[in-house]
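Residue strings, one per chain:
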Amino acid sequence: MSSGQPRDGQIRVIIIGAGLGGCAAAMAMHYQGFHVTVFEKIKKFLRLGDSLGLGENALKLLKRWGLHEQLVKIGNRSPNMNIRRWSDGKILATQPLMDMAGYIGHRGDYHQAFLDRVAELGIDIKMGHNVISFNEEKPSITLEDGREFEADIIIGADGIKSQTRELVLGFADKPKSSGYACYRAYFKGDILRSVPQCQPILERDCVNIWIGPDTHLVQNTLRDGEEFNWILTHKDDEDIQESWFQPGDMNKVRESIKDWDPMIVSAVNETRECLDWKICYRDPIPTWVSKSHKIALLGDSCHAHLPTSAQGASQATESAAVLALCLKLAGKGNIPLATRVYEKLRFERVRQAQLNGEDVRDRWHSCLKNLEEGKEVDPEDVKMKNRWLYVFDAEKETLEKWDRVSAIVKKELAEGKVTPLFDSSTGPTRNLELYDAYGNRKADTKLIPKKQQPVTAVH
Ligand SMILES: Cc1cc2nc3c(=O)[nH]c(=O)nc-3n(C[C@H](O)[C@H](O)[C@H](O)COP(=O)(O)OP(=O)(O)OC[C@H]3O[C@@H](n4cnc5c(N)ncnc54)[C@H](O)[C@@H]3O)c2cc1C
Ligand SMILES: *[C@@H]1O[C@H](CO)[C@@H](O)[C@H](O)[C@H]1NC(C)=O
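Residue indices follow the written sequence of each chain, beginning from 1 at its first position. Labels follow written order: the first chain is A, the first ligand is 1, and so on. Local features in this predicted model are restricted to residues of pLDDT 70 or higher, and side-chain atom pairs are both shown and tallied only at a pLDDT of 80 or more, whereas totals for entire chains, interfaces and linings draw on every residue. Side-chain metrics in this entry use all non-hydrogen atoms of the structure; hydrogen atoms and water are not considered.

### A look at the overall build of the protein chain
Secondary structure elements are defined from DSSP: runs of H or I of at least 4 residues count as helices, runs of E of at least 2 residues count as strands, and each element is numbered from the N terminus. When its secondary structure is counted, the protein chain shows 13 helices and 20 strands. Buried residues are those whose accessible area, probed at 1.4 Å on protein chains only, stays under 20% of the maximum for their type, while exposed residues exceed 50% and partly exposed ones sit between those limits. Scored against the burial criterion, the 459 residues of the protein chain give a buried share of 57%. Contacts are assigned to residue pairs that have any heavy atoms within 4.5 Å of one another. Of all intrachain contacts in the protein chain linking residues separated by at least 6 positions in sequence, the fraction that spans at least 24 positions is 75%. For the protein chain, the accessible area works out to roughly 19,900 Å², and carbon and sulfur atoms hold 50% of it. Counted as positive: Lys and Arg. Counted as negative: Asp and Glu. His and the chain ends are not counted at all. By convention, the point assigned to a charge is CZ for Arg, NZ for Lys, CD for Glu and CG for Asp. Here the protein chain holds 63 positive side-chain charges and 65 negative ones, and the gap between their average locations is 3 Å. In these tables, accessible area is a Shrake-Rupley quantity obtained with a 1.4 Å probe, and a residue counts as shielded only by the protein chains included in the view.

Quick look at the structure:
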């Protein structure tokens, strides 16, 4: 059990950050029998953010950790979603919601369910504990108040602005803009009850996406209209900060969509306040593990996703399951083997989930631009293609690949030469492999044209 002192021979784990990734890691580690302590700098969590998707790939793992019904209840109950033309709301494609984000609900509600389960398992989350430095070799962390805590492994689940990432990389780099920002609002549906034009999207759970040139708007109605949410993505031309508190100018929003489908304009028109949120992104990094092999990154700290991937929390959950299982298979005396197999198993999978989000965003933003006069949109061109991500079982995959990958890593560690996650001369893959609905790779792959990002090699 996690609470109290670690038992003899028990693996001691420190997790930095109690976001969805940190909580998932805490559960996964606990279920493998490790002693877990989580350090979170925030004193008390607020219900921040809005819509977040949890895919079946994450839910099947969370179920093994006793967290399933609670999550399904939070999500949107609509069977389908519509993709519409911005100007008149014409439906361009309809597809099952489960091909998209999976279960879409309020991030704050999901986070609370994760925190409740962690507490139920008796795992210690130390709130209001800010980690400010590390000792890589021990390994240990030091808090703002000077106290030091040691473990066998330290996991940096400290989000997109991660400080652990700086330690692992060996230098500081800032999150960068994805080139897009969004206005987002989440509010009680009451204020829309008297607006006739938006009733069709208020009455019951539904998801609609309006797409236009370089822009799209996602609308999400929960609990039969009790809660309403829209997120308008647009080109980022201002230098706003990455922040969940930056208010947006509703007059500007109303002006920017005034010529859109009146059904959504009427709802946005009535909205009283919104946030202006920069969509930040990170280039893939060549290692997720510190030089000592005892500090590992997990979640947004090493694999942030675009909102159009709808996989940020789900991929963090997969990473949690894989790292926990690798630690179990390697054993307390072999932490470096575990962390290095973990990053090798995870990197390409995460990369594909990230590229999937870039692909759908680019298809939505360009589809109507490139349309020849008089031509109809092919529904396949605007559908989200996430289903192949969901059939994956991260634990099963780890067990299948363990022997092969651990043999490679053992050799690398013995030679003192760990291969980076990608070749610095070519950069990480920019090819989105195509998969069928069952997760089988299709023969033809599609290149996503994108300028090569410069990549700095580290150790
Ligand atoms: C406020 C907020 C709102 C969000 N809203 C949405 C949304 O609406 N939709 C969506 O799809 N995604 C949203 N996300 C992103 C989504 O939550 C993540 O993609 C996913 O949960 C995986 O994140 P993570 O656990 O790796 O990091 P995060 O969720 O960012 O959690 C990191 C945690 O680490 C803590 N931390 C950071 N540094 C330290 C330190 N030095 N010491 C101790 N603790 C530290 C932070 O306080 C935070 O609680 C949001 C993230 C945040 C932080
Ligand atoms: C939205 O508001 C603007 C100005 O406030 C108004 O001109 C317009 O008719 C409204 N549109 C809808 C669909 O309600």
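### Let's talk about the environment of Trp-402
Within the secondary structure, Trp-402 sits in helix H13 (residues 394-415). Every residue in contact with Trp-402, bar those within four places of it in the chain, is listed here: Cys-326, Leu-329, Ala-330, Leu-337, Val-341 and Ala-407.

### Quick look at the packing of helix H1 (residues 20-31) against helix H9 (residues 312-330)
In this description, a line fitted to the C-alpha atoms serves as the axis of each element, helices being fitted only across the stretch in contact, and the angle between N-to-C directions of two axes falls anywhere from 0 to 180 degrees. Interaxial distance between H1 and H9 falls to 8 Å at its minimum, and their mutual angle equals 30 degrees. When the axes of H1 and H9 are compared, the pair comes out roughly parallel. As H1 packs across H9, the resulting crossing turns out to be right-handed. Here H1 contributes Leu-20, Gly-21, Ala-24, Ala-25, Ala-28 and Met-29 to the contact with H9, which in turn contributes Ala-313, Ala-316, Thr-317, Ala-320, Ala-321, Leu-323, Ala-324 and Leu-327. Amino acids outside the nonpolar list (Ala, Val, Leu, Ile, Met, Phe, Trp, Tyr, Cys, Pro) and the charged list (Asp, Glu, Lys, Arg) are all regarded as polar, and Gly is one of them. Split by residue class, the contact of H1 with H9 holds twelve nonpolar, two polar and no charged. An angle counts as roughly parallel when it lies under 35 degrees, as roughly antiparallel when it exceeds 145, as roughly perpendicular when it falls between 65 and 115, and as oblique in every other case. Take the far helix as the reference: if the near one is turned anticlockwise from it by less than a right angle, the crossing is left-handed, and if turned clockwise, right-handed.

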